[in-house]
Amino acid sequence: MSFKIAIIGAGSVGFTKKLFTDILCVPEFRDVEFALTDVSEHNLTMIKAILDRIVEANKLPTRVTATTDRRAALSGARYIISCVRVGGLEAYAEDIRIPLKYGIDQCVGDTICAGGILYGQRNIPVILDFCKDIREVAETGAKFLNYANPMAMNTWAAIEYGKVDTIGLCHGVQHGAEQIAEVLGAKDKNELDYICSGINHQTWFVDLRFNGRKIGKDELIAAFEAHPVYSKQEKLRIDVLKRFGVYSTESNGHLSEYLPWYRKRPDEINKWIDMSDWIHGETGGYLRHSTETRNWFETEFQQILDSASQPIDPARRSNEHASHILEALETNRVYRGHFNVKNNGVITNLPADAIIESPGFVDRFGINMVAGITLPEACAATCISSINVQRMSVHAAISGDIDLLKLAVLHDPLVGAVATPEEVWQMVDEMVVAEARWLPQYAHAVDGAKERLSQGKVKTRDWKGAASRNVRSIEELRAEKAALKQAG
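All values derive from a computational prediction rather than experimental measurement.

So, how was this worked out
Note that residues are indexed from 1 along each chain, following the sequence as it is written. With pLDDT at 70 or above as the cut-off, local features in this predicted model cover only qualifying residues; side-chain atom pairs require 80 or more to be listed or tallied, and sums for whole chains, interfaces and linings still use all residues. Hydrogens and waters are ignored; side-chain quantities use all the structure's heavy atoms. Every helix listed is a DSSP run of H or I at least four residues long, and every strand listed is a run of E at least two residues long, numbered separately from the N terminus. Exposure is judged per residue with a 1.4 Å probe applied to protein chains only, and the accessible area is read against the type maximum: over 50% gives exposed, under 20% gives buried, and values in between give partly exposed. Counting of polar contacts relies on pairs of N or O atoms within 3.5 Å, with two restrictions inside protein: one atom must be capable of donating a hydrogen and the other of accepting it, and residues adjacent in sequence are counted only when both atoms are side-chain atoms. The definition of a nonpolar core used throughout is a set of buried Ala, Val, Leu, Ile, Met, Phe, Trp, Tyr and Cys residues joined through side-chain atoms within 4.5 Å. By the convention used here, residues are in contact when the closest approach between their heavy atoms is within 4.5 Å. In this description, the term disulfide denotes a pair of cysteine sulfurs within 2.5 Å. Every definition here rests on a 1 Å grid over the protein atoms only: cavities are sets of points where a 1.4 Å probe fits but cannot get out, pockets are open sets enclosed by protein on both sides within 12 Å along at least five of seven lines, and lining residues have some atom within 4 Å of a point. Grid points are joined across faces, edges and corners, and a volume is the space filled by probe spheres set on the points. Basically, the charged four are Asp, Glu, Lys and Arg, the nonpolar ten are Ala, Val, Leu, Ile, Met, Phe, Trp, Tyr, Cys and Pro, and anything else, Gly included, counts as polar.

A. Focus on the environment of His338. Along the chain, His338 turns up in strand β10 (residues 335-342). Note on His338: relative accessible area 6%, which makes it buried. Counting along the chain gives 134 residues from His338 to Trp204, while the straight-line C-alpha distance between them is 12 Å. For His338, the side chain forms a polar contact with the main-chain oxygen of Cys196, separated by 3.4 Å.

Listed below in structure tokens is the structure:
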């Protein structure tokens, strides 16, 4: 069969390569066309060379094109996959650096909290541009598969305002399940069966079966506390498991910034994080990791290109959802996964308009969600707090209402645990000014924000510790980039 797949943000070299090889593991998909598009022509050239090498080595009829003209890439596409980061590391640095001045300590900052909300403000106008192009030039009924964070906000905007058939995809559920299988001593991944439901990055393993036997709270706690690695790296997740009775999908660092209890004071943060890797809670950890590895594909390009000459091995197909969804839709081979969609009653105790992440089955008729799931009350309460923030954030991004944006940030669980309303108002002004070139909907508000900042009513904090080493400003990132370019 032949159809067209467009990948927006295809310059994300490693991830695009993974999606490409996953899709080509499906025998029926060898004759598809991949249209790559990105704002970076340089990155496009690199990824196209890699994918062309895969096609050549495997003697496939697959066609690969690359262009910075997004509409040309989307023209006639049946499936559109997005993995973009609007503003790149420059904007992301401000998402972490500025809130830290006000005591808001984030490990990742890409989902909610101050950083995730501003990330959504940058992404949503661009997501709506994608949707406009999809409606106008893609195949009728085209599906938009969004991998970009903040997942819930982007998917919410695409469905509600972009009017495009959109599915949000993440791999947190799979990774959490792998941990549970390991601590329970599984020899094969099929020994573990589970229902995981909630919202993206706040999904909960509400039902666990190991070889058909139900696993309860006490057994799971004991298994994690006995594990020589996870008992140290996932202290916060284990604490939440003890109190909520169910395990969360997200890493120690991710989960810590969605809750109001663990990152509110520096001394408390140190109790719960593990510094063996950034993902376990390091202040600004993902920014540091991303900054230090942002050019890995440049330094390792030849190695990646050489490895692309290897035969595609279907046994090494990843657990990313995209290829499995496409396979189910096109071949009717049923696939079960966890998808981000509009709730509409699927989870009984979450709002109907929310974007949920929950189990579903895919076949040629589309995605069919498992309805009637009720979350434990504590899990629902935590999710609802985030959903209220997401809703206000989406509406602010659409309207360009800076006061609504400030209210969204004020209601964020961690922000509210740390900062006063006056601090939040000044912090948002500072973030909007610093990121103005990526926030066209707030252009009318920038001068007023600058004027308020010039009065400097709120004194920012001297936040000590890992942050001083890990968080770089835009100016520092630019200087590093210029030095790298000069060094060749």
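Structure shown, so let's carry the discussion forward.
B. Broad picture of the nonpolar core. Among the nonpolar cores identified, the biggest contains 101 residues, and Ile5, Ile50, Ile81, Leu350, Leu405 and Val409 are the most heavily contacted of them. Of all the elements, helix α17 (residues 377-399) adds the most residues to this core, at 8 residues. For Leu350, the contacting residues outside a window of four places in its chain are Gly198, Ile199, Asn343, Ile356, Leu375, Ala380, Cys383, Ile384 and Ile387.

C. Representation of the state of the cysteines in the model. Counted by the stated rule, this structure contains 0 disulfides. Cys107 carries a free sulfur, and the closest cysteine sulfur to it, the one in Cys113, is 11 Å from it. For Cys107, a relative accessible area of 0% translates into the label buried. With no disulfide of its own, Cys131 lies closest to Cys83 among cysteine sulfurs, the gap being 15 Å.

D. Up close: the layout of surface pockets. Estimated volume of the second largest pocket: approximately 630 Å³. What lines the second largest pocket is a set of 18 residues, and nearest its centre among them are Gln174, Lys189, Asn190, Tyr194 and Asn319. At the level of elements, α7 (172-183), β7 (192-199), α16 (321-331) and β10 are the ones that each hand at least two residues to the lining of the second largest pocket. Taken together, the residues that form the lining of the second largest pocket break down as 5 nonpolar, 8 polar and 5 charged.

Just distances and angles here, no functional claims.
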